[in-house]
Amino acid sequence: MTPIRIGVVSDSHGRFRPLERMVSQAPDVAAWIHCGDYSDDGDDLAIYTGVPVYSVRGNNDFMSDAPACRKVTIGGVNIIAVHGHQWYGDARLAKLRQLGREHEARLVLFGHTHRRFCRRDDDMAIVNPGSISLPRDGRVGTYAVCAIDDGVLTDIQFYELTK
C-alpha cells in the first residue's frame with residue numbers, strides 16, 4: 001500500500017506567495033492541515049490544490065469561523081490540530097500531550113511559535129511545522145509532511161522553501 005501524505009502548514013499570515021511556493025515543491029499530499037494564524041488561507045489553499053484543507057483558528061484569526069481545535073482521522077490515524085497560543089512554556093507541551101491522549105491521537109499538530117518542532121513520545125508525535133511566511137528560527141519558511149501507512153504514522157519530514 002502506498003503511504004498517505006499529509007501536509008502541515010502554519011502561520012501564513014495572509015501571504016499566499018509562500019503557500020504557492022510550498023505547493024509547487026511539496027510532495028503530493030492527500031490533505032493539508034493549517035494550524036492557524038490566517039486560517040482562511042486554508043480556504044484558498046484548498047481551491048489552489050484541489051485537496052481537503054483542515055484549518056484551526058489562531059490568535060490572529062479574529063473573523064474566522066474555523067474551530068479552535070479540530071480532530072480528523074486520516075488513513076486510520078487520529079490527528080488533533082490546534083494553534084497552541086492558549087498555553088505557554090512547559091505547559092504548552094503538557095497540554096498538547098493531554099489533548100492528544102483525550103482524543104486518542106497519534107499525531108498532535110500546533111503552530112504559533114513560528115519555530116519547527118517534533119517530539120515523539122511512546123505512540124504520539126507532537127509537531128509544529130514552523131511558519132511558512134514568518135519563521136523565527138533563522139530559517140526560510142518551513143512546512144512538514146507526515147506519512148501514514150496502514151494506520152500507522154511512519155514518517156515526519158520538514159521542508160524549507162526553496163527560492
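Just so we're clear, the structure is a prediction, and the values are computed from it rather than from any experiment.

Each helix and strand in the protein chain was counted, giving three helices and 10 strands. Its helices and strands in sequence order give the protein chain the pattern β-α-β-α-β-β-β-α-β-β-β-β-β, from N to C terminus. Against the 2.2 N^0.38 benchmark of 15 Å for 163 residues, the protein chain shows a C-alpha radius of gyration of 14 Å, consistent with a compact globule. Principal-axis analysis of the C-alpha atoms places the extent of the protein chain at approximately 40 × 35 × 30 Å.

Next up on the list: the sheet that holds strand S5 (residues 77–82). Strand order across the open sheet formed by five strands is S4-S5-S6-S8-S7, with mixed pairing between neighbours. Unpaired on one side and paired on the other, strand S4 (69–74) and strand S7 (116–121) mark the two borders of the sheet. When the angles between neighbouring strand axes are averaged without regard to direction, this sheet yields 15 degrees. As paired strands, strand S6 (residues 107–109) and strand S8 (residues 124–129) are joined by three bridges and run parallel to one another. Opposite Val-108, over in S8, you have Ile-126 as the bridge partner. Along the sheet, helix H3 (residues 89–102) makes contact with S4, S5, S6, S7 and S8, crossing S8 at roughly 125 degrees.

Because the α-helix completes a turn every 3.6 residues, residues three or four places apart line up on one side. Here H3 is 14 residues long and its end C-alpha atoms lie 21 Å apart, about the 20 Å a rise of 1.5 Å per residue gives. Within the span of H3, buried status applies to Arg-92, Leu-93, Leu-96, Leu-99 and Gly-100. Seen from one end, H3 has its buried residues packed into an arc of 125 degrees, which puts them on one side. Turned more than 90 degrees away from the buried face of H3 sit Asp-90, Arg-101 and Glu-102, all of them exposed. Where H3 is buried, its residues touch S4, S5, S6, S7 and S8.

Moving on to the sheet that holds strand S10 (residues 152–160). With mixed pairing, five strands are arranged side by side in an open sheet as S3-S2-S1-S9-S10. This sheet does not close on itself; its edge strands, each paired only once, are strand S3 (53–55) and S10. Averaged over all neighbouring strand pairs, the angle between strand axes comes to 20 degrees, with direction disregarded. As defined by bridge partners, strand S2 (residues 31–34) adjoins S3 across three bridges and the pair is classed as parallel.

Here the focus is the nonpolar core. For soluble globular proteins, the rule of thumb is that nonpolar side chains tend to be buried together. In this structure, Ile-33, Ile-79, Leu-107 and Leu-109 are the most contacted members of the largest nonpolar core, which totals 20 residues. Ranked by size, the runner-up nonpolar core spans 13 residues in total, among them Val-9, Met-22, Trp-32 and Val-145.

Strand residues, when the strand is regular, have side chains that alternate between the two faces of the sheet. Counting buried positions along S5 gives six out of six residues, so the element sits mostly inside the fold. Residues Val-77, Ile-79 and Ala-81 point to one face of S5 and Asn-78, Ile-80 and Val-82 to the other, with burial holding for every one of them. Two strands pair when backbone bridges link them, and S4 and S5 are joined in this way by six bridges, in the antiparallel orientation. Pairing of Thr-73 across the sheet is with Asn-78, part of S5. Sheet analysis places S5 next to S6, joined by three bridges and oriented parallel. Its bridge partner lying in S6, Ile-79 is registered against Leu-107. For the handedness criterion, the β-α-β arrangement of S5, H3 and S6 is classed as right-handed.

How each quantity is defined
- Residues numbered from 1 in each chain as written.
- Predicted model: local features only at pLDDT ≥ 70, side-chain atom pairs only at ≥ 80, totals over all residues.
- Heavy atoms only, no water.
- Helix = DSSP H or I, 4+ residues; strand = E, 2+ residues; numbered from the N terminus.
- Rg over C-alpha atoms; globule rule 2.2 N^0.38 Å.
- Pairing = 2+ DSSP bridges.
- Axes fitted to C-alpha atoms, helices over the stretch in contact; angles between N-to-C directions.
- Contact = heavy atoms within 4.5 Å.
- Expected span 1.5 Å × (residues − 1).
- Buried < 20%, exposed > 50% of the residue type's maximum accessible area, 1.4 Å probe, protein only.
- Arc of directions from axis to C-beta.
- Core = buried A, V, L, I, M, F, W, Y, C linked by side-chain atoms within 4.5 Å.
- Right-handed = clockwise from strand over helix to strand, strands pointing away.

As far as function goes, none of this settles anything; it's purely spatial.
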